[in-house]
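Observations on the three-dimensional arrangement
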Amino acid sequence: MTRIVVVTSGKGGVGKTTTSAALATGLALRGFRTAVIDFDVGLRNLDLIMGCERRVVYDLVNVINGDANIRQALIKDKRVDNLFILPASQTRDKDALTQEGVEKVLNALRDDMAMDFIICDSPAGIEKGALMAAYFADEAVVVTNPEVSSVRDSDRMLGILASKTRIAEQGGGDIPARLLLTRYSPERVMRGEMLSVEDVQDILAVELLGVIPESQAVLSASNAGSPVILDTDSDAGQAYLDAVARFLGEDLPHRFLTTGKKGLLGRLFGGQ
Amino acid sequence: MSIFSYLLPKKQRTASVAKERLQIIVARERSMRGGPDYLPQLQEELLAVVRKYVPVSPESVNVQVDRDSGCEILELNITLQDHQDA
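Described below are features of the structure shown in this document. (Residues numbered from 1 in each chain as written. Chains lettered and ligands numbered in written order. Predicted model: local features only at pLDDT ≥ 70, side-chain atom pairs only at ≥ 80, totals over all residues. Heavy atoms only, no water.)

Residues and elements named next belong to chain A. Pairing is mixed across the open sheet formed by eight strands, whose spatial order is S3-S4-S2-S5-S1-S6-S7-S8. In this open sheet, the two edge strands, each paired with only one partner strand, are strand S3 (75–76) and strand S8 (207–213). Note: strand S6 (residues 139–144) against strand S7 (residues 177–184), five bridges, orientation parallel. Across the sheet, the residue bridging to Val141 is Arg178, located in S7. Along the sheet, helix H7 (residues 148–163) makes contact with strand S1 (3–8), S6 and S7, crossing S6 at roughly 165 degrees. Across the sheet, helix H10 (residues 197–204) touches S6, S7 and S8, and the angle it forms with S7 is around 145 degrees. (Pairing = 2+ DSSP bridges. Helix = DSSP H or I, 4+ residues; strand = E, 2+ residues; numbered from the N terminus. Contact = heavy atoms within 4.5 Å. Axes fitted to C-alpha atoms, helices over the stretch in contact; angles between N-to-C directions.)

Our next topic: the nonpolar core. Residue and element names in this part refer to chain A. Judged by nonpolar contacts, the single largest core of 52 residues is most densely connected at Phe39, Ile70, Leu86, Leu109 and Leu161. Counting residues per element, this core draws most heavily on helix H5 (residues 99–111), which supplies five residues. Setting aside residues no more than four positions away along its own chain, Leu86 makes contact with Val36, Ile37, Asp38, Asp59, Leu60, Val63, Ile70, Ala73, Leu74 and Val105. Counting 35 residues, the second largest nonpolar core, distinct from the first, contains Met50, Cys52, Ile212 and Ala243. (Core = buried A, V, L, I, M, F, W, Y, C linked by side-chain atoms within 4.5 Å. Buried < 20%, exposed > 50% of the residue type's maximum accessible area, 1.4 Å probe, protein only.)

Residues and elements named next belong to chain A. Relative to the helices and strands, Asp153 is located in helix H7. In the structure, Asp153 is positioned 29 residues away from Ala124 in sequence and 10.0 Å away in space, judged by C-alpha atoms. Setting aside residues no more than four positions away along its own chain, Asp153 makes contact with Ser9, Gly10 and Lys11.

A few words now on unusual backbone geometry. Residue and element names in this part refer to chain A. Phi at Ala114 takes a positive value of approximately 50 degrees, unusual for a residue other than glycine. Considering the arrangement of structural elements, one finds Ala114 in the loop between H5 and strand S5 (117–121). When its relative accessible area of 43% is taken as the criterion, Ala114 is described as partly exposed. Unusually for a residue other than glycine, Phe256 sits at a positive phi of about 60 degrees.

Here we come to a nonpolar patch on the surface. Taken together, the side chains of Val49, Tyr53, Val54 and Leu80 of chain B present a nonpolar region at the surface, about 410 Å² in accessible area. Turning to its location among the elements, Val54 of chain B is positioned in the loop between helix H3 (39–53) and strand S1 (61–68). (Patch = residues over 30% accessible without salt bridge, like charges linked within 9 Å, V, L, I, M, F, W, Y side chains within 5 Å. Areas by Shrake-Rupley, 256 points an atom, 1.4 Å probe, with all protein chains shown as cover. Salt bridge = Lys/Arg side-chain N within 4 Å of Asp/Glu carboxyl O.)

All names here are of chain A. Looking at the secondary structure, you find Asn145 in the loop between S6 and H7. Taking the relative accessible area as the measure of exposure, Asn145 reaches 10% and is therefore buried. Of the polar contacts made by the side chain of Asn145, one reaches the backbone oxygen of Val14; its length is 3.2 Å. When residues no more than four places from it in sequence are discounted, the contact partners of Asn145 are Gly13, Val14, Ser150, Val151, Leu181, Thr182 and Arg183. (Polar contact = N/O pair within 3.5 Å; in protein donor to acceptor, adjacent residues only side chain to side chain.)

Within the secondary structure layout, Arg21 of chain B lies in helix H2 (residues 14–32). Sequence-wise, Arg21 of chain B and Asp37 of chain B are 16 residues apart; in three dimensions their C-alpha atoms are separated by 27 Å.

Here we come to the pattern of salt bridges. All names here are of chain A. Inspection of the entire model under this criterion finds 16 salt bridges over all chains. With a shortest N-O distance of 2.7 Å, Glu139 and Arg3 are connected by a salt bridge. Here Glu139 is found in strand S6, whereas its partner Arg3 is found in strand S1, with 136 residues between them in sequence. Overall, the relative accessible area of 26% leaves Arg3 in the partly exposed class. One salt bridge connects Asp77 with Arg79, and the closest N-O pair in it is separated by 2.7 Å. A network of salt bridges, in which partner residues are shared, links Arg3, Glu139 and Arg178.

Put into structure tokens, the structure is as follows:
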């Protein structure tokens, strides 16, 4: 059975595309046939994060309009088997995404391409692109930074997910949504400068999928066009690997939530 | 946190301020969620009626629907400006 997952947040710049790339790559590494779709029509970026920007020929809207079939448009990843990317178009036509069109693409990925997972990388905001990315989803990953505007927007997005998906419209209720807290800095949390993972969970009241620490590896990965989950030496890469394991139902303790214990001298004079 | 920071006056922990503010605004926004679609228009029309008699600004009107064990309460709050006797 194909699982359709929307990666969403409301607010921009919190790590949706980074997370979509990492989640899709992680699932493919586990042997699942996985497609990741960029729904940010007009502002395509998943191709850059995945490092396939020069191989884009056709895109999501081409498939919707019938200019290309799904096989022509899907880009097969060169590093990981079973991983496919469907880029967004750079058209400025906001009505390019239709519900029927998106359904057609998802059905083709499920029936013709036999995908196990379809990851929908949502654009920021609550406009059409975001609603289309979420509409057919079976479950959601809500990406949030420990920062007031991001938490508020995530709550708003959870409210939208509860009513604006196909499953909800058919009376199936809320789709399962899980929280991925990114750009987490345990040092700042300990100093009382940043909302803790418990604080955010208290407010949003959703299950925690993972915590990704603030990490230089994320920028390095996007510079190189290689999903950060492939950087298995990095803290962010390992945190994403853990999140993928939890996504698949494994019970792993959360890591990277505390700073390393300091010695007496460190505590007296230590600063960071 | 070095020893010196204990000597300085403690700033308020900004994270707890953030949490408190979020709890309030999120609770308020959740209570509005799923409310009837006519609320904004109702607010506007009520405002027009009230304006015939007293000057009020749009921000000083607050319409809210509360659901409480089976009964719904439509609450209307209008803050009047410091009135001057006509």
